[in-house]
Structures are given as structure tokens and as C-alpha cells.
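Analysis of the macromolecular model
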Amino acid sequence: MEESTSSNLLTETLNLQPSFAIRQILQGTTRGKEIVQSLEEKRSIISKQRKQLVRLLVSHLLETNGETPSTDTKKALAVALVYEFPCLLDGTGSGYGAWYTTGRNHKPATGFLEERLRNARKRMRILKRPRHQEQQKEPTVPSTPEYDVPPEKLLEMVEWMKVNRYPVSQVEDYMNQTALHRGKWIRSNGSKSLPEILTEFPRLLDNPGMISQDFQQLHPEAVRELFQNWATMSDQILTYAQREGKLPLVFDDMTPGLEEKSTDPP
DNA sequence: CCGGTTCCATCAACACAACC
DNA sequence: GGTTGTGTTGATGGAACCGG
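Structure report, in brief. What you see is a predicted model; the values in this text were computed from it and never measured.

Here we take up the overall build of chain A. Along chain A, the regular secondary structure elements total 15 helices and zero strands. Counting only residues that meet the buried cut, chain A has 37% of its 266 residues in that class. Surface summary for chain A: the accessible area is close to 16200 Å², and the carbon and sulfur share equals 53%.

Another point: the packing of helix H9 (residues 179–187) against helix H12 (residues 210–218). Taken N-terminus to C-terminus, the directions of H9 and H12 make an angle of 95 degrees; their axes are 9 Å apart at the nearest point. By the angle between their axes, H9 is roughly perpendicular relative to H12. The residues of H12 that touch H9, namely those facing Ala179, Leu180, Arg182 and Gly183, are Asp214, Gln217 and Leu218. Of the residues belonging to the contact of H9 with H12, the class tally is three nonpolar, two polar and two charged.

Turning to the environment of Asn164, a few remarks are in order. Positionally, Asn164 belongs in the loop between helix H7 (151–163) and helix H8 (168–177). Sequence spacing of Asn164 and Pro202 is 38 residues, and the spatial spacing of their C-alpha atoms is 9.7 Å.

Lys74, Gly103, Asn105, Pro108 and Arg121 are the nearest of the 17 residues found near DNA strand C. At 2.8 Å from a phosphate oxygen of DNA strand C is found a main-chain nitrogen or oxygen belonging to Asn105. Here a phosphate oxygen of DNA strand C sits 2.6 Å away from a polar atom, N or O, in the side chain of Arg121. Only helix H5 (71–84) and helix H6 (112–128) provide two or more residues apiece to the surface near DNA strand C. Of the residues forming the surface near DNA strand C, the biggest block, five residues, is contributed by H6.

By the secondary structure assignment, Thr199 is in helix H10 (residues 194–200). Linking Thr199 and Lys162, residues 37 residues apart in sequence, is a C-alpha distance of 7.8 Å.

This part covers the nonpolar core. By size, the foremost hydrophobic cluster in this structure holds 31 residues, and its most contacted members are Ile22, Leu53, Leu57, Leu88 and Trp99. Secondary-structure elements contributing two or more residues to this core are helix H2 (22–27), helix H3 (30–41), helix H4 (47–65), H5 and H6. Of all hydrophobic cores here, the second largest spans eleven residues; its members include Leu154, Met157, Tyr174 and Ile197.

Between its first and last C-alpha, H5 extends 20 Å over 14 residues, near the 20 Å set by a 1.5 Å rise per residue. Most of H5 is tucked away, with ten of its 14 residues classed as buried. Turning to H5, its buried residues number three or more, namely Thr73, Lys74, Ala76, Leu77, Ala78, Val79, Ala80, Leu81, Val82 and Glu84.

A separate point is the packing of H8 against H12. Packing of H8 against H12 leaves a shortest axis separation of 9 Å and a crossing angle of 35 degrees. Classified by chirality, the crossing of H12 by H8 is right-handed. From H8, Glu172, Met175 and Asn176 reach across to H12, where they touch Met210, Gln213, Asp214 and Gln217. Of the residues assigned to the contact of H8 with H12, the class counts are two nonpolar, three polar and two charged.

What follows concerns the pattern of salt bridges. Inspection of the entire model under this criterion finds five salt bridges. The residue Glu40 makes a salt bridge to Arg23 at a minimum N-O spacing of 2.4 Å. Separated by 17 residues along the polypeptide, Glu40 in helix H3 and Arg23 in helix H2 bring together distant segments of the chain. In this structure, the salt-bridge partner of Glu84 is Arg23, at a minimum N-O distance of 2.5 Å. With Glu84 in helix H5 and Arg23 in helix H2, this pair connects stretches of sequence that are 61 residues apart. Glu84 sits in the buried class, given a relative accessible area of 11%. Salt bridges linked by common partners bring Arg23, Glu40 and Glu84 together as one network.

For the structure shown, the criterion picks out one aromatic pair. Taken together, a centroid distance of 5.3 Å and an interplanar angle of 75 degrees make the contact between Trp99 and Phe112 edge-to-face. Of the two residues, Trp99 sits in the loop between H5 and H6 while Phe112 sits in helix H6, which places them 13 residues apart along the sequence. For the cation-ring pair, Arg50 lies above Phe112, with the distance from its terminal atom to the ring centre recorded as 3.8 Å. Geometry around Phe201 places Arg182 over its ring, the cationic atom sitting 4.8 Å from the centre.

So, how was this worked out
Residues numbered from 1 in each chain as written. Chains lettered and ligands numbered in written order. Predicted model: local features only at pLDDT ≥ 70, side-chain atom pairs only at ≥ 80, totals over all residues. Heavy atoms only, no water. Helix = DSSP H or I, 4+ residues; strand = E, 2+ residues; numbered from the N terminus. Buried < 20%, exposed > 50% of the residue type's maximum accessible area, 1.4 Å probe, protein only. Areas by Shrake-Rupley, 256 points an atom, 1.4 Å probe, with all protein chains shown as cover. Axes fitted to C-alpha atoms, helices over the stretch in contact; angles between N-to-C directions. Parallel < 35°, antiparallel > 145°, perpendicular 65-115°, else oblique. Contact = heavy atoms within 4.5 Å. Nonpolar A, V, L, I, M, F, W, Y, C, P; charged D, E, K, R; others polar. Near = heavy atom within 4 Å. Polar contact = N/O pair within 3.5 Å; in protein donor to acceptor, adjacent residues only side chain to side chain. Core = buried A, V, L, I, M, F, W, Y, C linked by side-chain atoms within 4.5 Å. Expected span 1.5 Å × (residues − 1). Left-handed = near helix turned anticlockwise from the far one by under 90°. Salt bridge = Lys/Arg side-chain N within 4 Å of Asp/Glu carboxyl O. Phe/Tyr/Trp six-rings, centres within 6.5 Å; stacked < 30°, edge-to-face > 60°. Lys NZ or Arg CZ within 6 Å of the ring centre and 35° of its normal.

Now the structure itself:
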């Protein structure tokens, strides 16, 4: 019942918090920065910001832990969040139940993070099964993405995505259809720089899950392995990026407030 | 041409079934 | 016992439409 006290949360947090650098995740985007600012100055956020916050965190979760993160991972994220921003503590026994609650008494796990994760999975599954979803208005490329999409249509989609962020499902569909084209384009002429890539495909960063969707599209056989070994793979990727001289830009863009909190994993 | 209203698509959140 | 999948519903925001 009232199992939890603040010292409980503290213990839990000390154990789990290093897994998620909440601030760094949020500082990676403009909206994330606004949310952090609001949390610091007003000690509150509006519901729109809360939804955006959940999107950013779940997007990070998907990138780093795959589609079905463990219960502990999800709990760690929720705990890290309310530890970092105590004003987000809720009235539930644990203090973070509104963000993540494990299932109990035949009731499924719930909370904003869990629900977002579930809805994201649902959407991704729908996208992966185009055959099932054939009653589209446009008679365009339902089955294998891209192979039968004419080049001009590809360019049309790319241009559309430069100026449109919504509807999200449309963005995800177009990103899906242009994944192969994007891969070729990025690697053409000795590979593109990060700013070049983000100018051509801004939705890669601001629409959650697009990078993993691309990887899924290009290397479906390796997705599982990548997710499982992400901790070591990410190091190798960073090392490679550094060697290629691309890393400084990445850090400049994504972690402007990289100061004190050196989070070394246990 | 502009402001207000209606219509429509999307998504978050909920509820329950299916599964391990 | 719990988690994941899926259908449903209400809220929200943008597009289209209409009257002044």
C-alpha cells in the first residue's frame, strides 16, 4: 500500500538515475530546452509540454533500448525524471506513478511513458505491415517501400518533409518510403556532413523514432542485435565518428550544457 | 479580404483481450 | 502474477468553408 517514502525514492534514484541523463536528453532539442527552462523557472509545465516531454523521453528510450524496454528500464526513466525535477512528483504512492506504474492485480502497466511507448509501438507495427493497411486513398506504393516509387515522387516527399512536421503519421510514412534513398544520398560523394544531412532531412531529429526506423528499413536483420548491444555499439559509433572528424559537431548540437554531471554507468 | 465557424485527421489515454 | 497488443473515445489543432 504506502510502500514508498521519499527515502525510498532516493534509494531507487541513486540506483537507477545514472542510466538516464534526463537533462541531456531534453537539451538536445529546442522544445526540450524550453521544457527544462519552464521546469526550472516556474516549477511546472503545461500539458502540451508534458506530452512533448514524454515524446522526447520515449523517443530516447526507443533509440537506446529498442521497442520493448524492460520494466526496470522504464521505471528507471520515470524515477530519473522525478528525481531530476521534483516538481514532477505526483500524488501516487511511488511519486512517479503518473509517469510509469507497473501492472498490478491483472491490470496492465500504465503511466504517460508506458502509454506513449505502447502507442508508438502500435504505429510502428502498422507502418511495418503495409499490406494490412491497404485502404489508403492514394494508390501509392503500399507494399515494398521505395523500390517502385518513382524518383520524382521521392524528391517530392523529401521536399514536403522539409517544411512539414505534421501529421506525424504522414512524416513517418514518407520517412519510411525514402529510407533507402536517404541512405544512398548520405553515403554519396564520400558521405555528407551532419548539418547537410539535417538540412535535407530535418525530421530525422525532431520526429521521434526516425533513426531507428531507417535502420530497421535498411538493416532489418541486424536491428535486434544493435538494440541488444547498444551500449558497446554506441561507443564504437562515437569512436568512428570522431575518427571521421564528425563528432565535434554532434556534441555542439546535441549537448550544449555538458558540464558537471558526468554520468558513468555502473 | 478577413474573422468566425464547422469539419476532419491525429493522437493521447483508457479498457479489455491475449499472451507468457 | 505480469506484459504486450489492439480497439475505442475524447481532446486538440489545422484546413476548408462561409457570411459580412
